[in-house]
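These are the residues of each chain, in order.
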Amino acid sequence: MRGTALAAATMAGVLALAGCAKDTGGSNNNASGTDGNSGSNCITAPKPPAAPAAATSSSAASGKVDGSKLKVGLAFDVGGRGDASFNDAAAAGTDRAKSDLGVPTVNESTASASESEAAKQQRLEQMAQSGLNPIIAVGFAYAPSVKAIAAKYPNTKFAIVDDDSITLPNVTPLVFAEEQGSFLAGVAAAYKSKKCHVGFVGGVNTPLIQKFEAGFLQGAKAVSSKIKVEDEYLTPAGDFSGFQDPPKGNAKAAAEISRGADVVYHAAGASGKGVFDAAKQNNALAIGVDSDQYNQKTVAADKDIIITSMIKRVDVAVFEYLQAVAKGDLSTVPKRFDLKSDGVGYSTSGGKVDDIKDVLDGYKAQIVSGAIKVSDKPAK
């Protein structure tokens, strides 16, 4: 557990960013006005030290890795390929493995919102029986099924995204520091809010999505002691329809905006499209999640109000896992994909956060160094 109040205490003081536009204080937050103007009157913390210059990467490309013998099974979570979020990121990882490693086969299958545990087990068992190896399960909801099926097929390698509870030798966890990337989303939201009032919409109220919420709350409060935050979920734990219900996402985001939020961050999977639609319809701004949603075709109609996305590099994790399997050395897979390993981060597509990039990178550097500890539990 990491202290939520530490960053705010460390960053105490009042200093408006030079060059930022003054807070209009009006009720009209022009969605097209994402030209770098920030709600400077909202910011009560000093600008953080600049991040050190990035070291030139000398990642030794140790020769071409041959993945031509891999037959990959990819078990999607609810929403599947085309969700413009989490599942699409996993698919991008296997797509890259095809092009870069020569992986010939990727067999994909998608969970439904209300399917039983037996259905998940059957999906994984059919993959194992058909000779797919390795098998990647996308999402913590697969944990009981992976544990059961991996034990039955000890010679088949499994990976599971967002769960590290399984201790079987043939199961590799692919887990992330979502709270760290979400901290930066909270900082961006506070800087871009003209009303000093932001919102969070979570898909399903689970410990995983609470990590997104926790980081967002901490980041926003670290830069502003005046910030107001709307904070809601679409469905309770156990009801995974919250990740695939754009109308509900729209209604929840619209309600937050009606109460004053002018920047809304979602961690709601395919329901995020509804959040984006609500932001556009109600003259607000939004922050995406998992993938660079500014560039996602399925939400292209709303791209002008997407100021950034909290990138969760499921694509990198999936690719690095497949590359490690092909090399026969799983020790190269990070134990946790965090800011230090570039496993999480923020997007800059569209140029809407270019004016605060030094601020975001300064906070990133402080998180990486340990000067700021980001909690994975929400502090209301």
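Structure's up top.
Definitions and limits used
- Residues numbered from 1 in each chain as written.
- Predicted model: local features only at pLDDT ≥ 70, side-chain atom pairs only at ≥ 80, totals over all residues.
- Heavy atoms only, no water.
- Axes fitted to C-alpha atoms, helices over the stretch in contact; angles between N-to-C directions.
- Helix = DSSP H or I, 4+ residues; strand = E, 2+ residues; numbered from the N terminus.
- Parallel < 35°, antiparallel > 145°, perpendicular 65-115°, else oblique.
- Left-handed = near helix turned anticlockwise from the far one by under 90°.
- Contact = heavy atoms within 4.5 Å.
- Nonpolar A, V, L, I, M, F, W, Y, C, P; charged D, E, K, R; others polar.
- Buried < 20%, exposed > 50% of the residue type's maximum accessible area, 1.4 Å probe, protein only.
- Phe/Tyr/Trp six-rings, centres within 6.5 Å; stacked < 30°, edge-to-face > 60°.
- Pairing = 2+ DSSP bridges.
- Disulfide = S-S within 2.5 Å.
- Expected span 1.5 Å × (residues − 1).
- Salt bridge = Lys/Arg side-chain N within 4 Å of Asp/Glu carboxyl O.

(A) Up close: the packing of helix H2 (residues 86–101) against helix H9 (residues 314–327). Two numbers describe how H2 lies on H9: the axes approach to 7 Å, and their chain directions differ by 40 degrees. Taken together, H2 and H9 sit at an angle that is classed as oblique. Judged by the twist between their axes, the crossing of H2 over H9 is right-handed. Contacts from Phe86, Ala89, Ala90, Ala92, Gly93, Thr94, Arg96, Ala97, Asp100 and Leu101 in H2 reach Val314, Asp315, Val318, Phe319, Leu322 and Gln323 in H9. Residue composition of the contact of H2 with H9, by class: 10 nonpolar, 3 polar and 3 charged.

(B) Just unusual backbone geometry, in detail. Of the consecutive residues Asn133 and Pro134, the connecting peptide bond is found in the cis state with omega at 10 degrees. Looking at the element boundaries, Pro134 is found in the loop between helix H3 (117–129) and strand S3 (135–138). Positive phi values are uncommon outside glycine, yet Asp290 reaches one of about 70 degrees. Along the polypeptide, Asp290 turns up in strand S9 (residues 285–290). Classification of Asp290 as buried rests on a relative accessible area of 7%.

(C) How the structure looks around the packing of aromatic side chains. Counted according to the given criterion, the structure contains 7 aromatic pairs. Chaining the aromatic ring pairs together yields one cluster made of Phe200, Phe216, Tyr233 and Tyr265.

(D) Region of the structure containing the sheet that holds strand S2 (residues 105–110). Read across the sheet, 5 strands follow the order S2-S1-S3-S4-S5 without closing on themselves; strand pairing throughout is parallel. A single partner strand is all that each edge strand has here, and the edge strands are S2 and strand S5 (171–174). Ignoring which end each strand starts from, the neighbouring axes of this sheet average 15 degrees apart. Looking at chain direction, strand S4 (residues 158–161) and S5 are connected through 4 bridges and run parallel. Counted as the bridge partner of Ala159 is Thr172 from S5. The sheet strands contacting H3 are strand S1 (71–76), S2 and S3, and the helix crosses S1 at an angle near 175 degrees. Each of S1, S3, S4 and S5 is contacted by H9, which is oriented at about 155 degrees to S5, the strand it contacts most.

(E) Inspection of the state of the cysteines at higher detail. Counting across every chain of the model gives 1 disulfide. With its sulfur 2.0 Å from that of its partner, Cys42 forms a disulfide with Cys196. Disulfide Cys42-Cys196: torsion about the S-S bond near 60 degrees, hence right-handed. Here Cys42, found in the loop between helix H1 (6–10) and S1, pairs with Cys196, found in the loop between helix H5 (178–192) and strand S6 (197–204); they are 154 residues apart in sequence, far enough to count as distant. Grouping residues by exposure puts Cys42 and Cys196 together as buried.

(F) Looking closely at the packing of H3 against helix H4 (residues 143–152). Viewed as axis vectors pointing N to C, H3 and H4 meet at an angle of 40 degrees, and their least axial separation amounts to 9 Å. Taken as axis vectors, H3 and H4 run oblique relative to one another. Remark: the crossing between H3 and H4 carries right-handed chirality. Residue-level contacts link Glu117, Lys120, Gln121, Leu124 and Glu125 of H3 to Pro144, Ser145, Val146, Ala148, Ile149 and Lys152 of H4.

(G) Summary view of H9. For H9, which comprises 14 residues, the first-to-last C-alpha distance of 20 Å matches the rise-based estimate of 20 Å (1.5 Å per residue) to within 8%. Turning to H9, its buried residues are Val314, Ala317, Val318, Phe319, Tyr321, Leu322, Ala324 and Val325. Taken together, the buried residues of H9 touch S1, H2, S3, S4, S5 and strand S10 (306–312). Immediately downstream of H9, the backbone of Gly328 shows phi near 75 degrees, a positive value.

(H) Just the sheet that holds strand S8 (residues 263–267), in detail. Spatially, the 6 strands line up as an open sheet ordered S7-S6-S8-S9-S10-S11, and their pairing is mixed. Every other strand in the sheet has two partners, leaving strand S7 (228–235) and strand S11 (344–346) as the edge strands with one partner each. The average angle at which neighbouring strand axes cross in this sheet is 15 degrees, direction not considered. Here S6 runs beside S8; their pairing, made up of 5 bridges, is parallel. By the bridge assignment, Phe200 is partnered in S8 with Tyr265. Strand contacts of helix H8 (residues 272–281): S6, S8, S9 and S10, with the helix running at about 165 degrees to S9, the strand carrying the most contacts.

(I) Layout of the pattern of salt bridges. Counted by the stated rule, this structure contains 20 salt bridges. For the salt bridge of Glu232 with Arg259, the shortest nitrogen-to-oxygen distance reads 2.7 Å. With Glu232 in strand S7 and Arg259 in the loop between helix H7 (246–258) and S8, this pair connects stretches of sequence that are 27 residues apart. Salt-bridge contacts for Lys357 lead to Asp361; the nearest nitrogen and oxygen are separated by 2.8 Å. Of this pair, Lys357 and Asp361 both sit in helix H10 (residues 357–369), separated by 4 residues, roughly a single helical turn. Classification of Asp361 as buried rests on a relative accessible area of 18%. Here the salt bridges do not stand alone but share partners, grouping Asp162, Glu178, Lys211 and Lys312 into one network.

Nothing here speaks to function; it is geometry throughout.
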